[in-house]
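# Commentary on secondary and tertiary structure
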Amino acid sequence: MIFLITQLLKPLVGTQLLHASWSEVPAILKLAFPIILGLTSSTLIGVVDTIMISPLGTEALAAASMTTSSLIIMYSSLAGLVSIVNIRMAQGEGANDPHIVSTTLKNGQVVALISGLIGMVIMVVAFPLIGLLNQPEAVMTVLQPYWLAKSLMLISNTLLAVYKGFFNAVNRPWTATVLAMFGVLINIPLNYLFIHGLFAWPGLGLLGAGIASVIASSSALLLARLLWQYRPNLASYRQPTQFSLSNIQHRFTEGLPVALSHAGEGASYALTGLMLGLFGPTALAANQVVHTIAAIMYMFPIGMSAAVGIRTGQAIGAQKLNRLRPIGIGATGMMLSWMLYMTAMLVLFRETIAGLLTSDPEVFTLAATLFLATAFMQLADGLQSTALGALRGMVDVRIPTIISLTAYWLIALPGAYIAGFVLKFGPNGVWIGYGLGIFLAAFALQIRFWRRTSAQALSSLRYQKA
């Protein structure tokens, strides 16, 4: 697969650039692999939730699906906002300036705390809008407490994202991976305890899953803080620094376009998922099953995007701008190889996977077909994530935001509605129509990256400490 991708890229980029790109692959993989593993571990919390919630019935699965779809908006936007904090730390590391890393980390925590609080309030205030979906009373009854618990987790998750970004930026990605695995290991027994109870205590049902997730996330955050504060090899990153209103404002200014882009993508994805609610609880439950697996598969593009952003940021900090294009091309080649392989696996084993996550015959049948539509989007997801990561490492955020919002809201969402409801292709049509927007976004972002790494564009690119 990799050989085939190499042969396809050679006439497009040239032999010399292709060799330079391959030379970047080991360093990207060294950083990306633990990031992907950590992200996958974090996503396993959702898998654990789905498996343990499933015995509670279709109503509980439907409630979990609506919460997950809605949280995508907040999770995506908050991750986008603090990603610029992580990029600035990577640039400081590339410039061999631990004081800048220390300052950015300290002020970045303020950015994360404020952002997480705002995200939680938005989720709480937005809950009444779920009533517009006209879900059965049984679904709404179990939904509200679970929704509120998951909303609270936004604060600890956003702060934890900054610490994980710090460890990744200073080339200690395995520490970030340990933090993610730690959260999962805690979540499993807590889930069982709070959902199903122990001895005479019957447990809290779906609410218990939300409480377990909050405790697991908060515990991982505490561990991250302790590791940063007490590990001797991180002493240079604990330099005394002052809170800087200017620095915090800069991070918000740089991060807001990324947050808007992520929110736009997340909101369109969530609305597409919620659109399935119009087909009833079975469609929502099937979507939860498919989303659980798709979220794991998407960790490779997200992890690669983070790694490319960090490597790009470090290269800019070191003023080695000739490495930017090879970093992007090397990552794109790896991405294409992996996503083609995973798409094939998803198509071949979709029924086996669906059978492991649900025992409801109707949910199983629909989920097995929805996996086909999900496979359609995997390649485009990979291509757009790589380009976005590289552009973010260059702190090029405004034009990519416009590209993303245009593709998702003017093409993907209308396409989902038309294919699903106007053309009457049902739930599968919703996701196929949505996939068209992703393909267009991926194409436009790859072109943007290529232009931004031209010789003329690079001549104006400089590392800025602020």
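Remember, predicted model here, so these are calculated numbers, not experimental data.

Here is what the cut-offs are and how they apply
- Residues numbered from 1 in each chain as written.
- Predicted model: local features only at pLDDT ≥ 70, side-chain atom pairs only at ≥ 80, totals over all residues.
- Heavy atoms only, no water.
- Helix = DSSP H or I, 4+ residues; strand = E, 2+ residues; numbered from the N terminus.
- Rg over C-alpha atoms; globule rule 2.2 N^0.38 Å.
- Buried < 20%, exposed > 50% of the residue type's maximum accessible area, 1.4 Å probe, protein only.
- Salt bridge = Lys/Arg side-chain N within 4 Å of Asp/Glu carboxyl O.
- Core = buried A, V, L, I, M, F, W, Y, C linked by side-chain atoms within 4.5 Å.
- Patch = residues over 30% accessible without salt bridge, like charges linked within 9 Å, V, L, I, M, F, W, Y side chains within 5 Å.
- Areas by Shrake-Rupley, 256 points an atom, 1.4 Å probe, with all protein chains shown as cover.
- Contact = heavy atoms within 4.5 Å.
- Axes fitted to C-alpha atoms, helices over the stretch in contact; angles between N-to-C directions.
- Parallel < 35°, antiparallel > 145°, perpendicular 65-115°, else oblique.
- Left-handed = near helix turned anticlockwise from the far one by under 90°.
- Nonpolar A, V, L, I, M, F, W, Y, C, P; charged D, E, K, R; others polar.
- pLDDT = per-residue confidence, 0-100.
- Arc of directions from axis to C-beta.
- Phe/Tyr/Trp six-rings, centres within 6.5 Å; stacked < 30°, edge-to-face > 60°.
- Lys NZ or Arg CZ within 6 Å of the ring centre and 35° of its normal.

In this section: the overall build of the chain. Helices and strands together make up the secondary structure of the chain, namely 16 helices and zero strands. Taken over the C-alpha trace, the chain has a radius of gyration of 22 Å; the compact-globule value for 466 residues is 23 Å, and the two agree within 12%. Projected onto the principal axes, the alpha-carbon positions of the chain cover approximately 60 × 50 × 35 Å. Looking at the chain residue by residue over its 466 residues, the buried ones come to 59%.

Following the criterion strictly, the structure yields five salt bridges and no others. Note that glutamate 24 is salt-bridged to arginine 323, the shortest N-O span being 2.9 Å. Of this pair, glutamate 24 sits in helix α2 (residues 15-53) while arginine 323 is found in the loop between α10 (299-317) and α11 (324-348), placing the two residues 299 residues apart along the sequence. There is no split in this pair, since glutamate 24 and arginine 323 are both buried. When the shortest N-O distance is used, the salt bridge between aspartate 396 and arginine 448 registers 2.9 Å.

In this section: the nonpolar core. Nonpolar side chains in soluble globular proteins tend to be buried together. With 59 residues, the main nonpolar core has Ile53, Leu143 and Tyr434 as its most contacted residues. Among the nonpolar cores identified, the runner-up in size contains 54 residues, and Ala32, Trp228, Ile316 and Met335 belong to it.

Attention now goes to a nonpolar patch on the surface. Taken together, Leu271, Phe376, Trp409, Leu410, Ile411, Ile432, Leu436, Phe439 and Leu440 make up a surface patch of nonpolar side chains, about 780 Å² in accessible area. Listing elements by their share of the nonpolar patch, those giving two or more residues are α14 (398-422) and α15 (426-452). With four residues, the top contributor of residues to the nonpolar patch is α15. As for its placement among the helices and strands, leucine 436 is situated in helix α15.

Counting through the fold element by element, asparagine 168 comes out in helix α5 (residues 137-169). For asparagine 168, a relative accessible area of 9% translates into the label buried. What asparagine 168 contacts, discounting residues up to four positions off in sequence, is Leu31, Ile35, Pro173, Ala176 and Ile310.

Following both chains from N to C, one finds α14 and α15 inclined at 160 degrees, their axes separated by 7 Å at the closest point. Relative to α15, α14 is oriented roughly antiparallel. As for how α14 packs across α15, the hand of that crossing is right-handed. Residues of the contact of α14 with α15, tallied by class, amount to 18 nonpolar, seven polar and one charged.

With that settled, the discussion passes to unusual backbone geometry. Here the phi dihedral of asparagine 96 falls at roughly 55 degrees; this positive angle occurs in a residue that is not glycine. Note that asparagine 96 resides in the loop between α3 (58-94) and α4 (98-126). Accessibility expressed as a relative area gives 66% for asparagine 96, which makes it exposed. Unusually for a residue other than glycine, asparagine 171 sits at a positive phi of about 65 degrees. Position of asparagine 171 among the secondary structure elements: in the loop between α5 and α6 (173-196). A residue is classified by how much of its surface remains accessible, and asparagine 171, at 43% relative accessible area, is partly exposed.

Let us now look at the confidence of the model for the chain. In the predicted model, the chain carries a mean pLDDT of 84, and 93% of its residues have values of at least 70. The lowest-confidence element of the chain is helix α1 (residues 2-13), averaging 56 in pLDDT; the highest-confidence one is α4, averaging 92.

Turning to the environment of threonine 50, a few remarks are in order. Within the secondary structure, threonine 50 sits in helix α2. Sequence spacing of threonine 50 and serine 65 is 15 residues, and the spatial spacing of their C-alpha atoms is 9.1 Å. In contact with threonine 50, other than residues within four places in its own chain, are Leu61, Gln288 and Thr292.

A separate point is helix α12 (residues 350-357). If you check which residues of α12 are buried, you get Ile353, Ala354 and Leu357. Seen along its axis, α12 keeps its buried residues to an arc of 100 degrees; they face one direction.

Per the stated rule, a full pass over the model turns up twelve aromatic pairs. Both rings, one in phenylalanine 33 and one in tryptophan 174, keep their centres 5.8 Å apart while their planes meet at 65 degrees; by these two values the pair is edge-to-face. Residue phenylalanine 33 is found in helix α2, and its partner tryptophan 174 is found in helix α6; the two are separated by 141 residues along the sequence. Judged by relative accessible area, tryptophan 174 falls into the partly exposed class, the value being 46%. Every member of this aromatic cluster is reached through a ring pair, and the members are Phe166, Phe167 and Tyr237. Over the face of the ring belonging to phenylalanine 243 we find lysine 106, whose NZ or CZ atom lies 4.6 Å from the ring centre. A cation sits over an aromatic face here: arginine 325 above tryptophan 450, 3.8 Å from the ring centre.

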